[in-house]
Amino acid sequence: MTTTAKGGKEIEATAGAECGCAVRDASPASRKAIGVDPEVKSRNLKRLRRIEGQVRGLQKMVEEDRYCADILTQISSVHEALRGVGRELMRNHLKHCATGAIRTGGHQADSMYDEIVDLMYTHSR
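All figures in this text were calculated on a predicted structure; none of them were measured in a lab.

Engineer: I would appreciate a short explanation of the overall build of the chain in the present structure.
Structural biologist: Of the regular secondary structure elements, the chain holds 3 helices and 2 strands. Going from N to C terminus, the chain has its helices and strands arranged as β-β-α-α-α. Sequence-distant contacts in the chain: of pairs separated by 6 or more residues, those separated by 24 or more amount to 33%. Accessible surface for the chain amounts to roughly 9,100 Å². Of this, 55% is attributable to carbon and sulfur atoms.

Engineer: Sorry if this is basic, but what is going on with a nonpolar patch on the surface here?
Structural biologist: Among the surface-exposed residues, Leu 45, Leu 48 and Leu 82 lie close enough to one another that they form a single nonpolar patch of about 230 Å² accessible area. Counting through the fold element by element, Leu 82 comes out in helix H2 (residues 68–104). When its relative accessible area of 43% is taken as the criterion, Leu 82 is described as partly exposed.

Engineer: For this particular structure, what's the right way to read the pattern of salt bridges?
Structural biologist: Opposite charge on two side chains lets them pair, provided their charged atoms get close. This model, assessed by the stated rule, comprises 5 salt bridges. Among the ionic pairs, Arg 47 bridges to Glu 88, the shortest N-O distance being 3.9 Å. Taken together, the residues Arg 47 in helix H1 (residues 38–63) and Glu 88 in helix H2 connect sequence positions 41 residues apart. Owing to a relative accessible area of 27%, Arg 47 belongs among the partly exposed residues under this scheme. Between Arg 56 and Glu 52 there is a salt bridge, with its nearest N and O atoms 3.5 Å apart. Taken together, the residues span about one helical turn, with Arg 56 and Glu 52 both in helix H1 at a distance of 4 residues. A single network of salt bridges, built from pairs that share partners, joins Arg 43, Arg 47 and Glu 88.

Engineer: I'm lost on H1 in this one. Help?
Structural biologist: Structurally, the α-helix is built with 3.6 residues per turn, so residues lying three or four positions apart point the same way. With 26 residues, H1 extends 37 Å between its outermost C-alpha atoms, agreeing within 8% with the 38 Å of an ideal straight helix rising 1.5 Å per residue. For H1, every residue scored as buried is listed here: Val 40, Asn 44, Ile 51, Leu 58 and Met 61. On its buried side, H1 packs onto H2. Near the N-terminus of H1, the side chain that reaches the backbone nitrogen of Glu 39, with its oxygen 3.1 Å away, is that of Asp 37.

Engineer: So what exactly am I meant to see when it comes to the nonpolar core here?
Structural biologist: Side chains that are nonpolar tend, in soluble globular proteins, to be buried together. Core analysis: the biggest nonpolar cluster contains 6 residues, these being Ile 51, Leu 58, Met 61, Ile 71, Val 78 and Val 85. If sequence neighbours within four positions are ignored, Met 61 has contacts with Arg 66, Asp 70, Ile 71 and Gln 74.

Thresholds applied
- Residues numbered from 1 in each chain as written.
- Predicted model: local features only at pLDDT ≥ 70, side-chain atom pairs only at ≥ 80, totals over all residues.
- Heavy atoms only, no water.
- Helix = DSSP H or I, 4+ residues; strand = E, 2+ residues; numbered from the N terminus.
- Contact = heavy atoms within 4.5 Å.
- Areas by Shrake-Rupley, 256 points an atom, 1.4 Å probe, with all protein chains shown as cover.
- Patch = residues over 30% accessible without salt bridge, like charges linked within 9 Å, V, L, I, M, F, W, Y side chains within 5 Å.
- Salt bridge = Lys/Arg side-chain N within 4 Å of Asp/Glu carboxyl O.
- Buried < 20%, exposed > 50% of the residue type's maximum accessible area, 1.4 Å probe, protein only.
- Expected span 1.5 Å × (residues − 1).
- Polar contact = N/O pair within 3.5 Å; in protein donor to acceptor, adjacent residues only side chain to side chain.
- Core = buried A, V, L, I, M, F, W, Y, C linked by side-chain atoms within 4.5 Å.

Here it is, written out as structure tokens:
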């Protein structure tokens, strides 16, 4: 399926499953996903809402002068939940965006390999 992005540039998009990485010409502030798997989006939004609640709980714990070790335990839970969202997004990126760029070959493939390595180092901490 071919989709027309901003600026009239045609790009290849799989039905409902490609992220905004295919839109490399757009500025970082305006890049948007072309299509996102609704189930993945729903799962990520649920996780993020749960994380938001956990963070509000942390704020309350700090306000109430709760025991430091208990707060630190909850912080670890938030970290793990965020890592879960990150894993889901990385999987989608590799499955759709990276695969397309690598199959294209040439400069696009080289750029994608660099991006993947940078993402792995940045998000494996």
